[in-house]
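# Tertiary structure, described
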Amino acid sequence: MFAVENGLQGDPRLQAISDAIRVIPHFPKTGIMFQDITTLLLDPVAFKHVIDIFVDRYKHMNISLVAGVEARGFIFGPPIALAISAKFVPLRKPGKLPGRVISEEYELEYGNDRLEMSMEAVKTHERALVIDDLVATGGTLSASINLLERAGAEVVECACVVGLAKFKGECRLKGKPLYVLVEPSQLD
C-alpha cells in the first residue's frame, strides 16, 4: 500500500521526497530507469521526512527488529530502529558477514543475487520490519522475509521509499503487507 492510500494523501512531505529523487536512465543497464536516492540524502529535509513518516507508522507496532537490505536499507534502517527502540539487523551480500550465516538467493530486475544474515542476529518470535529503498519485482524483499522467518522472526511488514505502481492497494509479498512512500520519479 502506498502512503497516499493510507492517510497521507496531500501530505507535502511525499512530494518533497519524490522531488528529491533523481532518475538516471539506462542504469545499470539499458531500459532501467534508476531511482537515485543520493539526491534525497543530500536534502536533509526530504531525508528527515522519510524517517519521520516511517517512524510515525511503526512506533506503536511493537517491532523489535529492523532489517535493512544492503546497501540502501542500511541508510534508512538504523535511524528508524533507534527511533522505535528496536535493534538493526543488516541483510548483506555474500561473504560480508563473519560467523555462521544463512542465505537466500533471489532474482533482481536485472539479474540474480543472494542475501545473507547472521544466525545470531534474530531471536525466535521477534517482530521484524524489513526496509529497503525500492521495490521493483519484490524478489529482494521476499528473500529478506524468507531469511527472517527461517530464523524464527515474525515479519510484520516491508517498507520502501519507492515502489512501482503495481504495488498499489493491498499488495502483499509472501503474505506480508508492503508499505511504500512514493512512486518512481520520471524524467522531466
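Our structure's up above, just so we're on the same page.
Now for a quick tour of the structure. (Residues numbered from 1 in each chain as written. Predicted model: local features only at pLDDT ≥ 70, side-chain atom pairs only at ≥ 80, totals over all residues. Heavy atoms only, no water.)

### Looking at the pattern of salt bridges
All chains considered together, the criterion is met by 13 salt bridges. Between E126 and K87 there is a salt bridge, and its shortest N-O distance comes to 3.0 Å. Of this pair, E126 sits in the loop between β6 (111–118) and β7 (127–135) while K87 is found in strand β4 (residues 87–91), placing the two residues 39 residues apart along the sequence. Accessibility expressed as a relative area gives 12% for E126, which makes it buried. (Salt bridge = Lys/Arg side-chain N within 4 Å of Asp/Glu carboxyl O. Helix = DSSP H or I, 4+ residues; strand = E, 2+ residues; numbered from the N terminus. Buried < 20%, exposed > 50% of the residue type's maximum accessible area, 1.4 Å probe, protein only.)

### Notes on helix α1 (residues 12–19)
Listed in full, the buried residues belonging to α1 are L14, I17 and S18. Buried residues of α1, seen end-on, are gathered within an arc of 95° and therefore sit on one face of the element. Looking at α1, the residues exposed on the side facing more than 90 degrees away from the buried face are P12 and D19. (Arc of directions from axis to C-beta.)

### Some words on the pairing of strand β10 (residues 176–182)
The side chains of a regular strand alternate, first on one face of the sheet and then on the other. Counting buried residues along β10, six of its seven residues qualify, which places the element largely inside the surrounding structure. Pairing geometry for strand β8 (residues 154–163) and β10, over four bridges, is parallel. From the neighbouring strand, C160 faces β10, where its bridge partner is V180. Two elements, strand β9 (residues 172–173) and β10, share two bridges in a ladder whose sense is antiparallel. Among the inter-strand pairings, R172 is bridged to a residue of β10, identified as P177. Linking two consecutive strands that pair antiparallel, namely β9 and β10, is a turn of two residues; a positive phi of about 55° is found at K174 within it. (Pairing = 2+ DSSP bridges.)

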